[in-house]
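Now for the letters of each chain:
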Amino acid sequence: MSERKTKLTIRGLTKRYGAATALDHVDLDLADGEFLTMLGPSGSGKTTLLWSVAGLNEPDGGKIWIDGRDATSVPASGRDIGMVFQNYALFPHMSVSKNISFPLEMRKVGPQDRSRAIKRALEMVKLEHVGDRFCNQLSGGQQQRIALARAFVANPSIVLMDEPLGALDKKLRDHLQLEIKRLHGRLGMTVLYVTHDQEEAMVMSDRICLMNQGRIEQIGAPEELYFQPRSLFAADFLGESNLIPGRITGEEAGCLVLELPGIGTVRTRTTPPRPHGPDVVHFTRPESIAIQADAENKANRLQGRVTDVVVSGAITKLFVGVGDVSMKISLLTQGSQRVRNGELITIGWDDDVGRVLSPSRKAA
Ligand code: ADP
Ligand code: MG
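Residues numbered from 1 in each chain as written. Chains lettered and ligands numbered in written order. Predicted model: local features only at pLDDT ≥ 70, side-chain atom pairs only at ≥ 80, totals over all residues. Heavy atoms only, no water.

### A look at the side chain of Asn 57
- Within the secondary structure, Asn 57 sits in the loop between helix H1 (46-54) and strand S4 (61-66).
- Residue Asn 57 is classed as buried on the basis of its relative accessible area of 15%.
- At 3.3 Å, the side chain of Asn 57 and the backbone oxygen of Thr 48 are in polar contact.
- A distance of 2.9 Å separates polar atoms of two side chains, one belonging to Asn 57 and the other to Ser 52. (Helix = DSSP H or I, 4+ residues; strand = E, 2+ residues; numbered from the N terminus. Buried < 20%, exposed > 50% of the residue type's maximum accessible area, 1.4 Å probe, protein only. Polar contact = N/O pair within 3.5 Å; in protein donor to acceptor, adjacent residues only side chain to side chain.)

The following block contains the structure:
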């Protein structure tokens, strides 16, 4: 990322609505051509951030630069931005072509260049044949593709998308996720995407910015957020995990030694942020735990009894009772050893796949 230009810089961005703080001193950098997803629960400030970048609200503090220029007080029409929102209505009684033409007219593009660009944009979303129809004659999925075409048509500096697929059914959503990814790959635009759907964020993004109560909880590559959460909030928000309360009892050879009541002693490499007190939560992903022969050479080994085996296609999920705790383990169905309900098995994980998290749900 270091060799790429910075497209968007945000420093100290703060936005309040009365007593509520929607954005609390947010700092963010987007590289040119990057696809960054804002992920977080409802009310965490994702839409507010997008609106600030678009110039649709007035921040209470902080600055925004686009292409190195201070855009903080540039009006929305002066920012070179394309937008797709979940309910960002197309003009229903205008033709598709007229809708797509809108950002071009705003930019004073001449008629000939306009019709060329509209044709290209329609081809891009594979809807060449609907240019003359009214938008309200199209299906929801087609309308959203027209909205994409409109966002991309003027070749803007940054494309903002706020839950653009939120209203669509799963099949169409999966399809359009790929389509957006493909468009991004081809056109190389900088995209700031918003979703509350962690799977969507994992599939689409170069980096994910996890939001919590108006602040950035953690930002990084999808696999980094998934396997190396820095807080209980991040661990919990993305997928399934084994979260076991315990205490730090010592430190040796770069590892924290933890006592997990009802389970025993485990060792986990020390990684930042270091929890403040001795009371912690031990984190592992179900995918990080091995069983039987594969568990033999792991730093942490325990015995447990299988209480459930759930085969869901390529993945088999085991629930294993270890002491008083039920641990989730997920294995590839193919090639993994068969285990039966009630069987006593060995489970194990390396000291570099667990994480020691602060028990507070706030960022450390
Ligand atoms: P998200 O998009 O992550 O769901 P929002 O950015 O919409 O979150 O909202 C962040 C916080 O700001 C929420 O607490 C929300 O209630 C509040 N908020 C957003 N817009 C307004 C508004 N126009 N007036 C008052 N409060 C608002
Ligand atoms: Mg929102």
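### Some details on the site of ligand 1
- The full set of residues close to ligand 1 is Tyr 17, Ala 22, Pro 41, Ser 42, Gly 43, Ser 44, Gly 45, Lys 46, Thr 47 and Thr 48.
- For ligand 1, an oxygen atom lies 2.8 Å from a polar atom in the side chain of Lys 46.
- A total of 560 Å² of accessible area belongs to ligand 1 in isolation, and the protein chains cover 56% of it.
- Class assignment for the residues of the shell around ligand 1 results in three nonpolar, six polar and one charged. (Near = heavy atom within 4 Å. Areas by Shrake-Rupley, 256 points an atom, 1.4 Å probe, with all protein chains shown as cover. Nonpolar A, V, L, I, M, F, W, Y, C, P; charged D, E, K, R; others polar.)

### Let's talk about the packing of helix H4 (residues 140-152) against helix H5 (residues 170-187)
- Following both chains from N to C, one finds H4 and H5 inclined at 15°, their axes separated by 11 Å at the closest point. The orientation of H4 relative to H5 falls into the category roughly parallel. For the element pair H4 and H5, the recorded crossing hand is right-handed. Residues Gly 141, Gln 144, Arg 145, Leu 148 and Phe 152 of H4 form the contact with H5, whose own contacting residues are Leu 172, Leu 176, Glu 179, Ile 180, Leu 183 and Leu 187.
- Per-class residue counts for the contact of H4 with H5 are seven nonpolar, two polar and two charged. (Axes fitted to C-alpha atoms, helices over the stretch in contact; angles between N-to-C directions. Parallel < 35°, antiparallel > 145°, perpendicular 65-115°, else oblique. Left-handed = near helix turned anticlockwise from the far one by under 90°. Contact = heavy atoms within 4.5 Å.)

### Digging into the nonpolar core
- In this structure, Ile 100, Ile 146 and Met 161 are the most contacted members of the largest nonpolar core, which totals 35 residues.
- Of all the elements in the fold, those that place two or more residues in this core are helix H2 (96-106), helix H3 (111-124), H4, strand S7 (158-162), H5 and strand S8 (190-195).
- The contacts of Ile 146, once residues within four sequence positions are left out, are Leu 90, Val 96, Ile 100, Leu 122, Leu 127, Val 130 and Leu 138. (Core = buried A, V, L, I, M, F, W, Y, C linked by side-chain atoms within 4.5 Å.)

### Concerning the domain arrangement of the protein
- As far as domains go, the protein holds domain 1 (6-228) and domain 2 (233-357).
- Taken together, the contact pairs 15 residues of domain 1 with eleven residues of domain 2.
- Here domain 1 and domain 2 share an interface that buries about 1,100 Å² over both sides, 68% of which is from carbon and sulfur atoms.
- Our count for the domain 1 to domain 2 interface comes out at zero salt bridges.
- Listing elements by their share of the side of domain 1 that touches domain 2, those giving two or more residues are helix H6 (198-204), strand S9 (207-212), strand S10 (215-220) and helix H7 (222-227).
- Across the side of domain 1 that touches domain 2, the residue classes tally to eight nonpolar, six polar and one charged. (Domains from an automatic or database assignment. Buried area = accessible area lost by both parts, 1.4 Å probe. Salt bridge = Lys/Arg side-chain N within 4 Å of Asp/Glu carboxyl O.)

### A word on the packing of H2 against H4
- Interhelical geometry of H2 versus H4 gives an angle of 30° and a closest axis separation of 7 Å. In terms of axis orientation, H2 runs roughly parallel to H4. For the pair H2 and H4, the sense of crossing is right-handed. Here Val 96, Asn 99, Ile 100 and Pro 103 of H2 lie close against H4, whose contacting residues are Ile 146, Ala 149 and Arg 150.
- Class assignment for the residues of the contact of H2 with H4 results in five nonpolar, one polar and one charged.

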